[in-house]
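Okay, here's what each chain looks like letter by letter:
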Amino acid sequence: MTRILTDLSRSFRIAVRDMGRAPGAAIVVCLTVALGVAAASTLFSVIDALFLQPLPGVGHPSGLVNVHATEPDGSTFHSVSYPDWRELDRAKELPFSGLAAFSSRLVSLAAPSAEPRLAVLQIVTPNYFGILES
């Protein structure tokens, strides 16, 4: 144990002495490491907030299911029409506690004195938020 501490102490002294000989390079290396750590930390924080944490306001996120229509040709992930949704919502044999529908649209938003901005608009059924909370 003593030998390890002695070796570490010697290595640290050599590193400090070498940094003193080329302070510009030492500063560049330290800044590069600091920027790399900051970028990795920021990226992880964003990924954690967007993908790993449960959705705020959603009671049971593991119980959410996205339902899509299947066409006669076998292709999937098609939208369910509003009349089909109404029929599904009225059906009592579904294994869901509730059924809500949503549709996304791209819209342009602009204030009177600002540049227009592209936004995603969600059109939802009246029970949408109630289902998310339950």
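To be clear, the structure that these remarks concern was listed above.
In this report, the structure presented in the accompanying data block is examined. Small disclaimer: the values here were computed from a predicted structure and weren't measured. (Residues numbered from 1 in each chain as written. Predicted model: local features only at pLDDT ≥ 70, side-chain atom pairs only at ≥ 80, totals over all residues. Heavy atoms only, no water.)

## A word on the overall build of the chain
Here comes step 1: In terms of helices and strands, the chain carries four helices and two strands.
Here comes step 2: Taking 2.2 N^0.38 as the reference for a compact globule, 134 residues should give roughly 14 Å; the C-alpha atoms of the chain span a radius of gyration of 28 Å, well beyond that estimate.
Here comes step 3: Dimensions of the chain, computed from C-alpha atoms along their principal axes, come out at roughly 80 × 50 × 35 Å.
Here comes step 4: A burial count over the chain gives 7% of its 134 residues as buried.
Here comes step 5: A separation of at least 24 residues holds for 31% of the contacts in the chain among residues at least 6 apart in sequence.
Here comes step 6: When the accessible surface of the chain is totalled, it reaches about 11,300 Å², and 65% of it is carbon and sulfur.
Here comes step 7: Of the charged side chains in the chain, 10 are positive and 11 negative; the average position of the first set lies 21 Å away from that of the second. (Helix = DSSP H or I, 4+ residues; strand = E, 2+ residues; numbered from the N terminus. Rg over C-alpha atoms; globule rule 2.2 N^0.38 Å. Buried < 20%, exposed > 50% of the residue type's maximum accessible area, 1.4 Å probe, protein only. Contact = heavy atoms within 4.5 Å. Areas by Shrake-Rupley, 256 points an atom, 1.4 Å probe, with all protein chains shown as cover. Lys, Arg positive; Asp, Glu negative; His and termini not counted. Charge placed at Lys NZ, Arg CZ, Asp CG, Glu CD.)

## A closer look at the environment of E71
Here comes step 1: Looking at the element boundaries, E71 is found in the loop between α2 (23-52) and α3 (82-90).
Here comes step 2: Linking E71 and F96, residues 25 residues apart in sequence, is a C-alpha distance of 22 Å.

## Describing the packing of aromatic side chains
Here comes step 1: Summed over all chains, the structure comprises three aromatic pairs.
Here comes step 2: A centroid spacing of 6.3 Å and a plane angle of 65° characterise the contact between F102 and Y128, whose relative ring orientation is edge-to-face. Of this pair, F102 sits in strand β1 (residues 102-109) while Y128 sits in helix α4 (residues 128-133), and the two are 26 residues apart along the sequence.
Here comes step 3: Given the relative accessible area of 43%, F102 is considered partly exposed.
Here comes step 4: Clustering of aromatic rings is evident, with ring pairs tying together F102, Y128 and F129. (Phe/Tyr/Trp six-rings, centres within 6.5 Å; stacked < 30°, edge-to-face > 60°.)

## A look at the pattern of salt bridges
Here comes step 1: Applying the stated rule across the entire model yields two salt bridges.
Here comes step 2: The closest approach of N and O atoms between D7 and R10, which form a salt bridge, is 3.5 Å. You can see D7 and its partner R10 sitting in helix α1 (residues 2-21), three residues apart, about one turn around the helix.
Here comes step 3: Note on D7: relative accessible area 31%, which makes it partly exposed.
Here comes step 4: Residue classification places R10 among the partly exposed positions, given a relative accessible area of 43%.
Here comes step 5: Residues R21 and D18 are paired through a salt bridge, measuring 3.3 Å at the closest nitrogen-oxygen approach. Of the two residues, R21 and D18 are both situated in helix α1; the distance of three residues between them amounts to about one turn of the helix. (Salt bridge = Lys/Arg side-chain N within 4 Å of Asp/Glu carboxyl O.)

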